[in-house]
There are 4 protein chains.
Amino acid sequence: MTMSLAERRKAELRREIIDAAFTCFVENGYHATGIADIAARLGIGHGTFYRYFENKRDIVEHVINDLVAKILETLAADNAPEAVSTLEAYRDQSQRIGEALGRILLEDPRIPRMIILEAPGIDTAMGQRILEFNEMAAGLTADYLRHGVELGYLRADLDIDGTARAINGMILGSALAAVHNPDPADQRRLSAALRRVMYDGIAAR
Amino acid sequence: MTMSLAERRKAELRREIIDAAFTCFVENGYHATGIADIAARLGIGHGTFYRYFENKRDIVEHVINDLVAKILETLAADNAPEAVSTLEAYRDQSQRIGEALGRILLEDPRIPRMIILEAPGIDTAMGQRILEFNEMAAGLTADYLRHGVELGYLRADLDIDGTARAINGMILGSALAAVHNPDPADQRRLSAALRRVMYDGIAAR
Amino acid sequence: MTMSLAERRKAELRREIIDAAFTCFVENGYHATGIADIAARLGIGHGTFYRYFENKRDIVEHVINDLVAKILETLAADNAPEAVSTLEAYRDQSQRIGEALGRILLEDPRIPRMIILEAPGIDTAMGQRILEFNEMAAGLTADYLRHGVELGYLRADLDIDGTARAINGMILGSALAAVHNPDPADQRRLSAALRRVMYDGIAAR
Amino acid sequence: MTMSLAERRKAELRREIIDAAFTCFVENGYHATGIADIAARLGIGHGTFYRYFENKRDIVEHVINDLVAKILETLAADNAPEAVSTLEAYRDQSQRIGEALGRILLEDPRIPRMIILEAPGIDTAMGQRILEFNEMAAGLTADYLRHGVELGYLRADLDIDGTARAINGMILGSALAAVHNPDPADQRRLSAALRRVMYDGIAAR
DNA sequence: TATGAATGAGCGTTCATTCAT
DNA sequence: AATGAATGAACGCTCATTCAT
């Protein structure tokens, strides 16, 4: 837990390099960003960069790791699919998850921009990783849906995997809309529309 | 309509270069693909490439243009939102559009891979273009929904823009799933789940 | 003397290619001129060029040869240094030569531009050739001066070689001035000043 | 005035690159010289070149700038046209200028070679610059002549501009002769012939 | 430890030249 | 004979990475 002053400094600079890289990648794209750009943003020599990270590929890996961890943390907090056992609590949990996602994805549109728009084009390995992250997210959502079905809150004949992907797709669409237009009011409206589609569908009764 | 032999040859090679570039970009990514790779795939000299396209940026523009045109053509065929005036026809139209999208997006997973995963990372201009394509797609879907509301087929209180983005998001999610797993059976299942969510929602009754 | 129609056509096109190349080289420089530019100016295919000239180096050689021949012809006409034997005739000859040089060098400023400004930068061989042309010109002028001394028209203690170079330098300066400012009136004035310096010097008496 | 060691090193290498480029351009021509040739001559990596100069055009600009500055410095030293007010001093000044020009132009024949033979063929912009340098030189010489006329040392009816160009032409001719044959004895003889023509003309009395 | 000067692999692009039609 | 499509050598330039200070 305790670190020497030097260690704390080092950790802090490491953090700042990741943040600066994140910003550069989002603003100019991974390939258009040079190591020198990242260093310049922090006012450090670009040789210093290599004392903290192996190479350019390494830093973007850390940027992505941090973002993914942030998202997973948010979702995992007290939101494990089995953490609730009443319809009431399930609804609340859904609401909480939606709000949490909104906070990270929509409040800082650089995050979806990085993950959705920038990351896949970095190289094939990262593209694959993003696809796998999507699969994992589908799995998480499927777990929630499965629990919902068990609780009797969701339709018993639900295609859990397919529906999970549909729901995640809607979230993806929201995130993309937020990237293009970060107006909070529009995001709230969009979020409501999404829940409405999810729960009630679009058909007239 | 009629072209000389030389003109046909030229047009044909042009086509082949676009296809080869498309394949290279999808397989290795835009930035990892050199002009020499595209030329080598066709067995032509890399100088020849420049007789057909201005530069590397030019070819990817054509690749994207062709894909976008292909998608819009499919959607536009006989599927203008005002082209139907009965519930029956509206439902059929929705089905047709869904199937058409399936054909192009899911039958050739290189297409969503290129547009969703590769294109945004090419440069900021292309990233912007993809976002705008997404906006345009939202507009198209909104037109369909608006027509559906007018016909009384869809809920009168539908948030048209938000719902359009939700639906497009679901399609995006399907496309992403198809990129990761191109099994046609899974795609059909997913497509059905998506329609079910759309029409009926997920809530138990 | 007689040529078939085809032969005349060929010779004519050859001539036109040389002229077009001359114009291109003067307007844009040798290195900035492509074979395609020369062909385009004539409306012929650039492959045709190679039926008339070996390569790019070959054409510029011909352009220079033609210009040099033109200049030498002018000077040589009836102006051989031994062609006159009275002071009167010598003066007339000098005048004739000056006027003839004026006609070719100053009436078409592209000629000095090509020989003085463009040619030396083509490659080391051409640079050498231009230097040797300058030497040859110095020799010609020296011959005239020598004859002038023999006739008693020029100072007996004249440094013939040095003076020849000085005179040629003045002509070179005139040509350069004409390249920069092709106004005929200025050129006449300059030509007069040059003769005055030559005959009388600049010192007050 | 004081620079750190690193700054001195940097300035020194910069100087060496300019010199190496100068030598390469003179020996092989601007267009036949690659950046790699310049770097190889110094035993540095060719990437290093770009740490000191923007591009190939930039270096040649610096080479020319340095040469022009060197020439102007030499002429300007204590040789302003108004700096003398007696015939004696005027003659001395002329002599000084001639000797100074001789020192730079004739002692290092690479300088006239670069400015007269190489520079104009670099591109149209540089060609123009050389022409303008010639104009400026004509202006400088004209200033000297004008002063000479005012002092009564030169003919009152002198065509100042024309005579200035004639004199500069003679200098140009000397420089060209020096490029072809750098023998100092010949250069001195030539220089004397030039002054003789200038002051006395060539005509027998 | 921080720096930035040095490096060279790598790539986009041009264009003189060839040759099948 | 004329054409222009095809070619690839050649070169300018970038930038991630190394390492001496």
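On a predicted model such as this, the values are computed, not experimentally measured, just so you know.

Quick look at the protein's contact with DNA strand F
Line of reasoning, step 1. Around DNA strand F sit 31 residues in total, of which Gly45(B), Thr48(B), Arg51(B), Tyr52(B) and Thr48(C) are the nearest.
Line of reasoning, step 2. The protein-proximal atoms of DNA strand F, defined as those within 4 Å of the protein, are 61% sugar or phosphate.
Line of reasoning, step 3. The backbone of Gly45(B) places a nitrogen or oxygen atom 2.8 Å from a phosphate oxygen of DNA strand F.
Line of reasoning, step 4. The contact in question runs from a base nitrogen of DNA strand F to an N or O atom on the side chain of His46(B), over 3.0 Å.
Line of reasoning, step 5. Counting only elements with at least two residues in the surface near DNA strand F, the list comes to helix H3 (46-52) of chain A, helix H1 (5-28) and helix H3 (46-52) of chain B, helix H3 (46-52) of chain C together with helix H3 (46-52) of chain D.

Side note on the interface of chain C and chain D
Line of reasoning, step 1. Counting from both sides, the interface comprises 51 residues of chain C and, opposite them, 51 residues of chain D.
Line of reasoning, step 2. The contact between chain C and chain D buries some 4,400 Å² in all, and 62% of this surface belongs to carbon and sulfur atoms.
Line of reasoning, step 3. Scanning the region where chain C abuts chain D turns up 6 salt bridges.
Line of reasoning, step 4. Note that Asp161(D) is salt-bridged to Arg189(C), the shortest N-O span being 3.5 Å.
Line of reasoning, step 5. For the pair chain C and chain D, the interface holds 9 residue pairs in polar contact (both at pLDDT 80 or more).
Line of reasoning, step 6. Broken down by element, the residue count for the side of chain C that touches chain D peaks at 14 residues, all from helix H8 (residues 160-180) of chain C.
Line of reasoning, step 7. Along the lines of polarity and charge, the residues of the side of chain C that touches chain D split into 24 nonpolar, 13 polar and 14 charged.

Looking at the protein's contact with DNA strand E
Line of reasoning, step 1. Neighbouring residues of DNA strand E: 30 residues in total, closest Thr48(A), Gly45(D), Thr48(D), Arg51(D) and Tyr52(D).
Line of reasoning, step 2. Sugar plus phosphate: this is where 61% of the atoms of DNA strand E within 4 Å of the protein reside.
Line of reasoning, step 3. Between DNA strand E and the protein, one listed contact pairs a phosphate oxygen with a backbone N or O atom of Gly45(A) at 3.2 Å.
Line of reasoning, step 4. Taken together, the elements giving at least two residues each to the surface near DNA strand E come down to H3 of chain A, H3 of chain B, H3 of chain C together with helix H1 (5-28) and H3 of chain D.

Brief notes about the UniProt feature "DNA-binding region" (unreviewed entry) in chain A
Line of reasoning, step 1. UniProt feature "DNA-binding region" (unreviewed entry): in the numbering of this structure it lies at residues 34-53 of chain A.
Line of reasoning, step 2. With 75% helix and 0% strand, residues 34-53 of chain A has end C-alpha atoms that lie 14 Å from one another.

Some remarks on the relation of the copies chain C and chain D
Line of reasoning, step 1. Screw-axis analysis of chain C against chain D gives a translation of 0.1 Å along the axis, an RMSD of 0.2 Å, and a rotation angle of 179°. Both chain copies can therefore be described as sitting about a two-fold axis. Among all residues of chain C, the one whose C-alpha sits closest to the rotation axis is Gly201(C), at a distance of 1.9 Å.
Line of reasoning, step 2. When the interface residues of chain C are mapped onto chain D, 100% of them again lie at the interface, so the same face is used by both copies.

Considerations on the pattern of salt bridges
Line of reasoning, step 1. Enumeration according to the criterion identifies 64 salt bridges over all chains in this entry.
Line of reasoning, step 2. Between Glu61(D) and Arg129(D) there is a salt bridge; the shortest N-O distance is 2.9 Å. Taken together, the residues span a long stretch of sequence, with Glu61(D) in helix H4 (residues 56-76) and Arg129(D) in helix H7 (residues 124-150) at a distance of 68 residues.
Line of reasoning, step 3. In this structure Glu61(D) comes out as partly exposed when scored by relative accessible area, which is 24%.
Line of reasoning, step 4. Where salt bridges share partners, they join Glu135(A), Asp159(A), Asp161(A), Arg165(A), Asp186(B) and Arg189(B) into one cluster.

With respect to the relation of the copies chain A and chain B
Line of reasoning, step 1. Mapping chain A onto chain B is achieved by rotating through 179° and translating by 0.0 Å along the same axis, at an RMSD of 0.2 Å.
Line of reasoning, step 2. A share of 100% of interface residues in chain A that are also interface residues in chain B marks the association as one of identical surfaces.

Regarding the UniProt feature "domain: HTH tetR-type" (unreviewed entry) in chain A
Line of reasoning, step 1. Those places that UniProt annotates as "domain: HTH tetR-type" (unreviewed entry) correspond, in this numbering, to residues 11-71 of chain A.
Line of reasoning, step 2. For residues 11-71 of chain A, helix accounts for 80% and strand for 0%, while the C-alpha atoms at its two ends are 22 Å apart.

Quick look at the arrangement of the chains
Line of reasoning, step 1. The closest approach of any C-alpha atom in chain A to one in chain C is 31 Å; the two make no contact.
Line of reasoning, step 2. Chain B shows no contact with chain D. Their nearest C-alpha atoms sit 21 Å apart.

Details of the packing of H4(D) against helix H5 (residues 87-107) of chain D
Residue and element names in this part refer to chain D.
Line of reasoning, step 1. Two elements in contact, H4 and H5, have axes separated by 9 Å at closest approach and are oriented at 160°. It follows from the interaxial angle that H4 and H5 lie roughly antiparallel. Seen from above, H4 lies across H5 with right-handed handedness. Residues Lys 70, Ile 71, Thr 74 and Leu 75 of H4 lie in contact with H5, whose contacting residues are Ile 97, Ala 100, Leu 101, Ile 104 and Leu 105.
Line of reasoning, step 2. Split by residue class, the contact of H4 with H5 holds 7 nonpolar, 1 polar and 1 charged.

Quick notes on the packing of aromatic side chains
Line of reasoning, step 1. Scanning the model with the defined rule gives 18 aromatic pairs over all chains in all.
Line of reasoning, step 2. Their ring planes at 80° and their centres at 5.1 Å tell us that Phe49(C) and Tyr50(C) sit as a pair that is edge-to-face.
Line of reasoning, step 3. When its relative accessible area of 1% is taken as the criterion, Phe49(C) is described as buried.
Line of reasoning, step 4. The exposure class of Tyr50(C) is partly exposed, given its relative accessible area of 45%.
Line of reasoning, step 5. Three or more aromatic residues link up through ring pairs in this structure, and these residues are Phe49(A), Tyr50(A) and Phe53(A).
Line of reasoning, step 6. Directly above the ring of Tyr52(C) sits Lys10(C), whose terminal nitrogen or CZ lies 4.5 Å from the centroid.
Line of reasoning, step 7. Across the ring face of Tyr199(D), the terminal group of Arg91(D) is positioned such that the distance to the ring centre comes to 5.4 Å.

Concerning the nonpolar core
Line of reasoning, step 1. Counting 125 residues, the largest nonpolar core has Met114(A) and Met114(B) as the members making the most contacts within it.
Line of reasoning, step 2. Counting 124 residues, the second-largest nonpolar core is a separate cluster that includes Leu131(C), Ala142(C), Ala166(C) and Ile71(D).

Description of helix H4 (residues 56-76) of chain A
Residue and element names in this part refer to chain A.
Line of reasoning, step 1. For H4, with 21 residues, the first-to-last C-alpha span of 30 Å sits near the 30 Å given by 1.5 Å per residue.
Line of reasoning, step 2. The complete set of buried residues in H4 reads Asp 58, Ile 59, Val 60, Val 63, Ile 64, Leu 67, Val 68, Ile 71, Thr 74 and Leu 75.
Line of reasoning, step 3. On the buried face of H4, the contacting elements are helix H1 (5-28), H3, helix H5 (87-107), helix H6 (110-118) and helix H7 (124-150).
Line of reasoning, step 4. By the N-cap criterion, in which a side-chain oxygen at the helix start approaches the backbone nitrogen of a residue two or three places on, H4 is capped by Asn 55, the distance to Arg 57 being 3.1 Å.

Reading the values: the criteria
- Residues numbered from 1 in each chain as written.
- Chains lettered and ligands numbered in written order.
- Predicted model: local features only at pLDDT ≥ 70, side-chain atom pairs only at ≥ 80, totals over all residues.
- Heavy atoms only, no water.
- Near = heavy atom within 4 Å.
- Polar contact = N/O pair within 3.5 Å; in protein donor to acceptor, adjacent residues only side chain to side chain.
- Helix = DSSP H or I, 4+ residues; strand = E, 2+ residues; numbered from the N terminus.
- Contact = heavy atoms within 4.5 Å.
- Buried area = accessible area lost by both parts, 1.4 Å probe.
- Salt bridge = Lys/Arg side-chain N within 4 Å of Asp/Glu carboxyl O.
- Nonpolar A, V, L, I, M, F, W, Y, C, P; charged D, E, K, R; others polar.
- UniProt positions renumbered as here; feature names shortened; annotations may be inferred.
- Least-squares fit on C-alpha atoms with pLDDT ≥ 70 in both.
- Buried < 20%, exposed > 50% of the residue type's maximum accessible area, 1.4 Å probe, protein only.
- Axes fitted to C-alpha atoms, helices over the stretch in contact; angles between N-to-C directions.
- Parallel < 35°, antiparallel > 145°, perpendicular 65-115°, else oblique.
- Left-handed = near helix turned anticlockwise from the far one by under 90°.
- Phe/Tyr/Trp six-rings, centres within 6.5 Å; stacked < 30°, edge-to-face > 60°.
- Lys NZ or Arg CZ within 6 Å of the ring centre and 35° of its normal.
- Core = buried A, V, L, I, M, F, W, Y, C linked by side-chain atoms within 4.5 Å.
- Expected span 1.5 Å × (residues − 1).

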